[in-house]
Each structure stands twice: as C-alpha cells, then as structure tokens.
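Geometric and topological summary
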Amino acid sequence: MSRCTEQVLILQRVPYGESSLVVRALTRNDGPVHLLARGAHRAKSAFAWTLDLFDELELTYRKPRGGGLATLEKGTVLLRRAALPKNLAAYRAALCGLELCDLVARPGVNEHKLYEVLSQLLGDLDQSGAEAPDDALLARFEAQLLRDLGLFPATNNCAECAGDAPAYLAQEDEAGPRVPFSAEAGGRLCETCALAAKKAGRKVGTLPHRNLAGLERALGGEIHRDRKLAQAVHAIAARFLDFHLGVLPRTHRQFASPAAHR
Ligand SMILES: [Zn+2]
C-alpha cells in the first residue's frame, strides 16, 4: 500500500454496495485512479457532499501494490463549482469533457496537461453564467486535447505532402471556400492528395475553410462568440477525435449522423 494526497477531478461515480461509491478520478499528478469511498452515501460519512462532479478536490487515498481499487481515506473540497450544474448547456458540455478525459487518461501516467485543460473547461463553464458559450469552450478544450494527444489535424498545409492545399469556391456555397479534408489522412489535403486518398479507398470530404481556420484559432485559445462557428468547430474537433480514438463517446452522438459530414 502507498498513501497519496492529490488534487483531483471526479470523472465518474458508480454506486457500490448499499452505501458505498466507486469513483473514477483524474489526479493532477498521479494519472487516473479508481477509488472506493466506503459509506459515501451515508449522511454522516466523512465523504458526504465531497465527491461531486466538477469540483476541485483534494483526496488522500491508499493504493494497493500492483494497481487496482484504491481506498479513499480523506476528502476536502478545494473549489466548489456550484453554478455549473444549474445550467443545462454548461452541464452537458462539462459531462462531455469528463467523458473524453475518462477515455484518454492513461493509467500510471502523469496526466497533468489533461488535468489542466479539463480544470480550465470546468472553471470557465462555471463562471460564464447563463450565457455560457458551451460549444466554444468545448471546441477549445477538444482542440487542446487533440494537440496534447499528438492528433491535431493539418489545418493549413496538406496532411500528406505538406504542400499548399488551396481552398476552392464551390458554386452557390454560402459557407465560402471549402477545402478537402479527411480524418483518415490526418486533416486538410491538397487536390492531388485528396484524389489519391479517394482512390486508395479513404473517406475524403470537404469543409468550409473558415471552420477549419476556426479550429486553429480555438487551439490558440480563442472562444468563438459566433454560435454557428463554435458549433461547426466543435463538430470538426469531435469527429476527428472520435475517429482517432476509435470510439463514439455518449456525449458526441449528436455528431455521428452521416448527414453532418459532406
Ligand atoms: Zn498534398
């Protein structure tokens, strides 16, 4: 057994037995952990009201040698994010952040970057009030996640040949110039590589140039105030992420429809 005290964000809570709780949590420096909180559902428990989603916690736990379920010994709320669960859009966006972190956090690896981007997302969703730009905040979060996973798509040059990949204007396209794009190929493509990729059986579509540029600006920290742009950027990041993770997170199902991808 080894004892750790870590700053923690809860990713998922699962009831265990009659009064206990198993939580999956992301620690600042100890990667993801599974914790058993004995008696957490009892009103007099030391953990009652401490293990809520979205809050910034400090937990002390004992880890068994060789991994497995750790035992929670002590918990303190460092920062209560009370506004977040009261706003449905913010709440949904926050669950999406938790689910993605749960999918990508690697056991036994210090995931402090992941912790930082999740903590920033939750903090911003909590503070932005009723008008939370939830899609924009998620778009920024997902862009940062893609970068940290080494998966950020090519947004300027061709993903295959690194050459110029000019946008072109399709007739009567109100979204403006479009660019060939393929998640399988790693992002934006030039005309030649797009044709080659299609021939090789890869799925190649097109995206409005301004949405792809919006993804890059989101990575730079920009929070898109234009709701349509924010949604479009969020959709690109989400689909790209899902493709490379090989899963469809519950909170991303809205992007699964083939109609959304031209
Ligand atoms: Zn190319």
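Scroll up to find the structure.
Just so we're clear, the structure is a prediction, and the values are computed from it rather than from any experiment.

So, the pairing of strand β1 (residues 2-16)
Both β1 and strand β4 (residues 56-63) contribute to a ladder of seven bridges, which runs antiparallel. What sits directly across from S2, in β4, is K63. In this structure, β1 lies alongside strand β2 (residues 20-27), joined through eight bridges in antiparallel fashion. Across the sheet, residue R13 finds its bridge partner in β2, namely V23.

Thoughts on the packing of helix α2 (residues 112-127) against helix α3 (residues 134-148)
It is the contact of α2 with α3, at a shortest axis distance of 10 Å, that shows an interaxial angle of 175°. The angle between α2 and α3 places the two elements in the roughly antiparallel class. Listed contacts from α3 to K113, L114, V117, L118, Q120, L121, D124 and L125 of α2 are D134, L137, L138, R140, F141, Q144, L145 and D148. Residue classes in the contact of α2 with α3 are distributed as nine nonpolar, two polar and five charged.

Considerations on the pattern of salt bridges
Summed over all chains, the structure comprises 16 salt bridges. Residue R81 is joined to E56 by a salt bridge in which the shortest nitrogen-to-oxygen separation is 2.5 Å. Here E56 lies in strand β4 and R81 lies in the loop between β5 (70-79) and α1 (88-104), a separation of 25 residues in the sequence. Assessed through its relative accessible area of 4%, E56 is described here as buried. Notably, a salt bridge pairs R140 with D124, separated by 2.5 Å at the nearest N-O pair. Residue R140 is found in helix α3, and its partner D124 is found in helix α2; the two are separated by 16 residues along the sequence. Through salt bridges with shared partners, a single network forms among R13, D52, D55 and R80.

Some words on the coordination of the zinc ion
Geometry sets the ideal angles at a metal, namely 109.5 degrees for four tetrahedral donors and 90 or 180 degrees for six octahedral donors. With distances of 2.3 to 2.4 Å, the protein atoms coordinating the zinc ion are C158 (SG), C161 (SG), C190 (SG) and C193 (SG). In this structure, the zinc ion is surrounded by four donor atoms whose angles at the metal cover 98 to 115°, and the resulting shape is tetrahedral. The motif formed by the donor residues of the zinc ion, counted along the single chain, is C-x2-C-x28-C-x2-C. Taken as a pair, C161 in the loop between α3 and β6 (178-182) and C190 in the loop between β7 (187-188) and α4 (191-199) lie far apart in primary sequence, 29 residues in all.

Some thoughts on the sheet that holds strand β3 (residues 32-37)
Pairing is mixed around the closed barrel formed by five strands, whose spatial order is β1-β2-β3-β5-β4. Here the strands of the sheet are splayed against their neighbours by 50° on average, with no regard to which way each runs. Along the sheet face, α1 touches β1 and β2 and points at about 115° away from the line of β1. Contacts between α2 and the sheet are confined to β1, β2 and β4, with β1 contributing the most and set at about 55° to the helix.

Details of the sheet that holds β6
Here three strands make up an open sheet; going across it, the order is β7-β6-β8 and the pairing antiparallel. Every other strand in the sheet has two partners, leaving β7 and β8 (205-208) as the edge strands with one partner each. Relative to β7, β6 runs antiparallel, the two sharing two bridges. Opposite F181, over in β7, you have R188 as the bridge partner. Packed on one face of the sheet, helix α5 (residues 209-219) meets β6, β7 and β8 and runs near 75° to β8.

Each value, and the rule that gives it
- Residues numbered from 1 in each chain as written.
- Predicted model: local features only at pLDDT ≥ 70, side-chain atom pairs only at ≥ 80, totals over all residues.
- Heavy atoms only, no water.
- Pairing = 2+ DSSP bridges.
- Helix = DSSP H or I, 4+ residues; strand = E, 2+ residues; numbered from the N terminus.
- Axes fitted to C-alpha atoms, helices over the stretch in contact; angles between N-to-C directions.
- Parallel < 35°, antiparallel > 145°, perpendicular 65-115°, else oblique.
- Contact = heavy atoms within 4.5 Å.
- Nonpolar A, V, L, I, M, F, W, Y, C, P; charged D, E, K, R; others polar.
- Salt bridge = Lys/Arg side-chain N within 4 Å of Asp/Glu carboxyl O.
- Buried < 20%, exposed > 50% of the residue type's maximum accessible area, 1.4 Å probe, protein only.
- Donors = N, O, S within 2.8 Å, 3.2 Å for Na, K, Ca; no water.
- Tetrahedral: all angles 85-135°; square planar, octahedral: opposite > 155°, others 65-115°.

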